[in-house]
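Structural features, examined
Residue-level listing of the chains:
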Number of protein chains: 2
Amino acid sequence: MVKTEFSPIADTTRRAEIVALLRRAILTGQLEPGQKLNELRISEQMRVSRAPLREAMRELVQEGILTSIPYAGTFVIDVTAKDIDDAYSLNKVLDEFAIEQTWPQRDRRFFDELDRRHEAVKQATRDLDTTRQIESALQLHGLIYEWADNSVLLETWQRLISRLQMYFALHQQARNEPVPAEDVHETYVRLLKGTDMRAAQRHAREHINLDFEQLLSYARSLEQRPSKGA
Amino acid sequence: MVKTEFSPIADTTRRAEIVALLRRAILTGQLEPGQKLNELRISEQMRVSRAPLREAMRELVQEGILTSIPYAGTFVIDVTAKDIDDAYSLNKVLDEFAIEQTWPQRDRRFFDELDRRHEAVKQATRDLDTTRQIESALQLHGLIYEWADNSVLLETWQRLISRLQMYFALHQQARNEPVPAEDVHETYVRLLKGTDMRAAQRHAREHINLDFEQLLSYARSLEQRPSKGA
DNA sequence: TCTTGTTAGATTGTCGACAATCTGATTGTC
DNA sequence: GACAATCAGATTGTCGACAATCTAACAAGA
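Remember, predicted model here, so these are calculated numbers, not experimental data.

With that out of the way, let us pick up the protein's contact with DNA strand C. Neighbouring residues of DNA strand C: 19 residues in total, closest A:Asn38, A:Arg50, A:Arg54, B:Arg14 and B:Ser49. Backbone atoms, meaning sugar and phosphate, form 75% of the atoms of DNA strand C found within 4 Å of the protein. In the environment of DNA strand C, a phosphate oxygen lies 3.4 Å from a nitrogen or oxygen atom belonging to the backbone of A:Glu39. The separation between a phosphate oxygen of DNA strand C and a polar main-chain atom of B:Ser49 is 2.6 Å.

This part covers the nonpolar core. In globular proteins that are soluble, nonpolar side chains generally tend to be buried together. Counting residues in each nonpolar core, the largest one holds 134 residues, and the members touching the most others are A:Ile26 and B:Ile26. In this view, B:Ile26 contacts B:Leu31, B:Leu60, B:Ile65, B:Leu66, B:Val76 and B:Met166; residues no more than four positions away in its chain are not counted.

A few words on the pairing of strand 3 (residues 73–76) of chain A. All names here are of chain A. Burial of the side chains of strand 3 extends over both faces: Gly73 and Phe75 are buried on one face and Thr74 and Val76 on the other. Here strand 1 (residues 36–37) pairs with strand 3 via two bridges, running antiparallel. Paired with Leu37 across the two strands is Thr74, which belongs to strand 3. As paired elements, strand 2 (residues 66–69) and strand 3 share four bridges and run antiparallel to each other.

Taken together, 19 residues lie around DNA strand D, and A:Arg14, A:Ser49, B:Asn38, B:Arg50 and B:Arg54 are the ones closest in. Considering DNA strand D, the proportion of its atoms within 4 Å of the protein that are sugar or phosphate atoms stands at 76%.

Residues and elements named next belong to chain A. Structurally, Asp95 can be placed in helix 4 (residues 81–102). On the accessibility criterion, Asp95 (2% relative accessible area) is buried. For the pair formed by Asp95 and Arg205, sequence separation is 110 residues and the distance between their alpha carbons is 7.6 Å. Here the side chain of Asp95 touches His141 through a polar contact of 2.8 Å, side chain to side chain.

Turning our eyes to something else, we now look at the interface of chain B and chain A. On the side of chain A, 32 residues touch chain B, which itself brings 32 residues to the contact. Of the roughly 2900 Å² buried where chain B meets chain A, counting both sides, 54% is carbon and sulfur surface. The largest per-residue losses of area from chain B upon contact with chain A belong to B:Arg58, B:Gln62 and B:Val152, which jointly make up 18% of the total buried on that side. Put simply, chain B and chain A have 10 salt bridges between them. Between B:Glu55 and A:Arg54 there is a salt bridge, with its nearest N and O atoms 2.8 Å apart. Put simply, chain B and chain A have 14 residue pairs in polar contact (both at pLDDT 80 or more) between them.

Glancing now at the sheet that holds strand 2 (residues 66–69) of chain B. Taken in spatial order, the three strands make up an open sheet running 1-3-2 (chain B), and their pairing is antiparallel. The open sheet has two edge strands with one neighbour each: strand 1 (36–37) and strand 2 of chain B.

Turning next to the sheet that holds strand 2 of chain A. The strand order across the open sheet formed by three strands is 1-3-2 (chain A), and the pairing between neighbours is antiparallel. The two strands at the open ends of the sheet, each matched to only one other strand, are strand 1 and strand 2 of chain A.

All names here are of chain A. Mapped onto the elements of the fold, Ser162 is located in helix 7 (residues 151–175). Relative accessible area serves as the criterion here: at 6%, Ser162 is assigned to the buried category. Sequence separation of Ser162 and Arg23 is 139 residues, and the distance between their C-alpha atoms is 8.7 Å. Once residues lying within four places of it in the same chain are set aside, the contact partners of Ser162 are Leu27, Glu63 and Ile65.

Turning our eyes to something else, we now look at the relation of the copies chain B and chain A. At an RMSD of 0.0 Å, chain B and chain A line up after a rotation of 180° and a shift of 0.0 Å along the axis. Such values leave the two copies arranged in the relation of a two-fold axis. Interface overlap between copies: 100% of the residues of chain B at the interface are likewise at the interface in chain A, consistent with a symmetric, same-surface contact.

What follows concerns the confidence of the model for chain A. Residues and elements named next belong to chain A. Per-residue confidence for chain A averages 87 on the pLDDT scale, and 87% of its residues sit at or above 70. Within chain A, the lowest mean pLDDT, 79, falls on helix 9 (residues 197–224), and the highest, 97, falls on helix 3 (residues 50–63). Contacts of residues 225–230 to residues separated by more than four positions or lying in other chains number one contact, the stretch itself having pLDDT below 50.

Turning our eyes to something else, we now look at the pattern of salt bridges. Under the counting rule described, the total for this entry stands at 42 salt bridges over all chains. A:Arg117 is paired through a salt bridge with A:Glu146; the nearest N and O atoms lie 2.9 Å apart. With A:Arg117 in helix 5 (residues 108–126) and A:Glu146 in helix 6 (residues 130–147), this pair connects stretches of sequence that are 29 residues apart. Since its relative accessible area comes to 9%, A:Arg117 is described here as buried. The closest approach of N and O atoms between B:Glu155 and A:Arg163, which form a salt bridge, is 2.9 Å. Separated into two different chains, B:Glu155 in helix 7 (residues 151–175) and A:Arg163 in helix 7 make up a pair that spans both. Look at B:Glu155 and you get partly exposed, because its relative accessible area is 27%. Where salt bridges share partners, they join A:Arg15, A:Glu55, A:Glu59, B:Glu39, B:Arg50, B:Arg54 and B:Arg58 into one cluster.

This next bit is on the packing of helix 7 of chain A against helix 4 (residues 81–102) of chain B. Two elements in contact, helix 7 of chain A and helix 4 of chain B, have axes separated by 7 Å at closest approach and are oriented at 55°. With respect to their mutual orientation, helix 7 of chain A and helix 4 of chain B come out oblique. In contact with A:Ser151, A:Val152, A:Leu153 and A:Thr156 of helix 7 of chain A, helix 4 of chain B contributes B:Asp83, B:Asp86, B:Ala87 and B:Leu90. Of the residues contributing to the contact of helix 7 of chain A with helix 4 of chain B, the split by class is four nonpolar, two polar and two charged.

Moving on, we come to the environment of A:Gln105. All names here are of chain A. Secondary-structure assignment places Gln105 in the loop between helix 4 and helix 5. Taking relative accessible area as the criterion, Gln105 reaches 36% and is therefore assigned partly exposed. Sequence separation of Gln105 and Ala148 is 43 residues, and the distance between their C-alpha atoms is 7.7 Å. The residues contacting Gln105, other than those within four sequence positions of it, are Trp147, Ala148 and Asp149.

Thresholds, definitions, all that
Here, residues in each chain are numbered from 1, in the same order as that chain's written sequence. Starting at A for chains and at 1 for ligands, labels are handed out in the order in which the entities are written. This being a predicted model, a pLDDT of at least 70 is required before a residue's local features are given, and a value of 80 or more before pairs of side-chain atoms are given or counted; all residues contribute to the totals for chains, interfaces and linings. With hydrogens and water excluded, all non-hydrogen atoms of the structure serve as input to the side-chain values. A molecule or strand has a residue near it when one of that residue's heavy atoms lies within 4 Å. For the purposes of these results, a polar contact is taken to be a pair of N or O atoms within 3.5 Å, where, inside protein, one atom must be able to donate a hydrogen and its partner to accept one; residues adjacent in sequence count only when each atom of the pair is a side-chain atom. What is meant by a nonpolar core is a set of buried Ala, Val, Leu, Ile, Met, Phe, Trp, Tyr and Cys residues, joined one to another through side-chain atoms within 4.5 Å. Buried residues are those whose accessible area, probed at 1.4 Å on protein chains only, stays under 20% of the maximum for their type, while exposed residues exceed 50% and partly exposed ones sit between those limits. Here a residue-residue contact requires only that any non-hydrogen atoms of the pair lie within 4.5 Å. Counting from the N terminus, the helices are DSSP H or I runs at least four residues long and the strands are E runs at least two residues long. The rule for pairing is simple: two strands pair if DSSP sees at least two bridges between them. Accessible area that two parts lose when put together, with a 1.4 Å probe and added across both, is what the buried area reports. Salt bridge, as applied in this entry: a Lys or Arg side-chain nitrogen positioned within 4 Å of an Asp or Glu carboxyl oxygen. Here the copies are superposed with least squares, the fitted atoms being C-alpha atoms of residues at a pLDDT of at least 70 in both. The score called pLDDT rates the predictor's confidence residue by residue, from a low of 0 to a high of 100. Helix axes use the C-alpha atoms of the stretch in contact, all axes being lines fitted to C-alpha atoms, and the angles between their N-to-C directions lie in the range 0 to 180 degrees. The cut-offs work like this: below 35 degrees is roughly parallel, past 145 is roughly antiparallel, 65 to 115 is roughly perpendicular, and the gaps in between are oblique. In this classification, the charged set is Asp, Glu, Lys and Arg, the nonpolar set is Ala, Val, Leu, Ile, Met, Phe, Trp, Tyr, Cys and Pro, and all remaining amino acids, among them Gly, are polar.

The structure is reproduced here in structure tokens:
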């Protein structure tokens, strides 16, 4: 008897699709921070009623990328330098923990998946597809969380990553430069395959440091010149 | 001119009240793990329509204490020993981080608040009010998170605490014993007031350890004899 | 001129009804 | 009797309309 593995079938509710659409629009920067989401207009554009749209928005509010004020509206969260700094410092701690938990569980499948995701980043870089580059880089980084076998940790990471992805997308969009050509993940992958856990943890911390420094300076520059809002 | 400070007025939507009602029912164990929430029945009991109820349930799903299966229903999450273990080990890491961040920011107001919350726990203990004892103990423990001045960390803690409160309530409910009379938080409070940060971190880790061990053995005993479901 | 009261328009919150889907029992067939 | 097809009931998902609330413009009065 062949042992076939079936993945869960897709959610077939409008609500789930709306969540996916909105999330993507926010995380890619199509919807700007602070922007108000008009329920009537969006529901007409999507050809759905307001009920599933509102339920979807509730989910994204709890997910932390929308914020809601009763009778006033629902808005894309604002990005402050402090938010980025907070997320960043927590991320350092979680990374260390995730690596520690994952370390003894690394096996052939782990290394294969590591290579696969690393390759995806390199491909996106070659294609000059910044959005996919950000997504795939976070996917690569998320492997240690998936492998740590701790559902609460994984959830926490995914909430964090929503914001980070948004920050990175805005950053990329703003500076509008060609993506870095060199492969900044080479060392990270190599150390995760090695035998020195401390070294891997240290590198993760410093490596992330680098990316965040750019983000922070960008966010600070935004706050120098506060926008008038949408 | 007197400078009066006003706190934001309460949310006046039905949705917000429903969220509060449901959350309380779940976290105090009135609604059992795995139990299905019938939308029609609950909406009739609360005298509201299903729309705000469903939106409230979406929020609690994202909060991690409900789980939803399309066209099947929304259920209170199941509590497995692994979940508790996962939450527990993450909590240790976060505690350490929270103490580290809070340490340099401790001031008079911090110590006063610490005493106030400690007193609340002792009062609930004297009153033999187990529900309030759990709540106030978690409040005491949460002070280091509120003081760490990291919004992402605080959010993470609050998500974690929802589950922990549920676990503790179920545990208390199950063993049905009088609450411990001795004051297990005395040392914790004293160390947070002291000068040895490492000692405080170490104690937090071990102190939590104790509580969790009880929880874990309880959860494991449940899994030995799986319930038939509601 | 500044403040306060009013009003119209737009938007969010809530409701009741209908459509889509699931579950379990029943029926019919081999 | 075992099994598949069908059907009724219950429940969730979605819709369109109405109620409650907010915002901004305007008018009235000190």
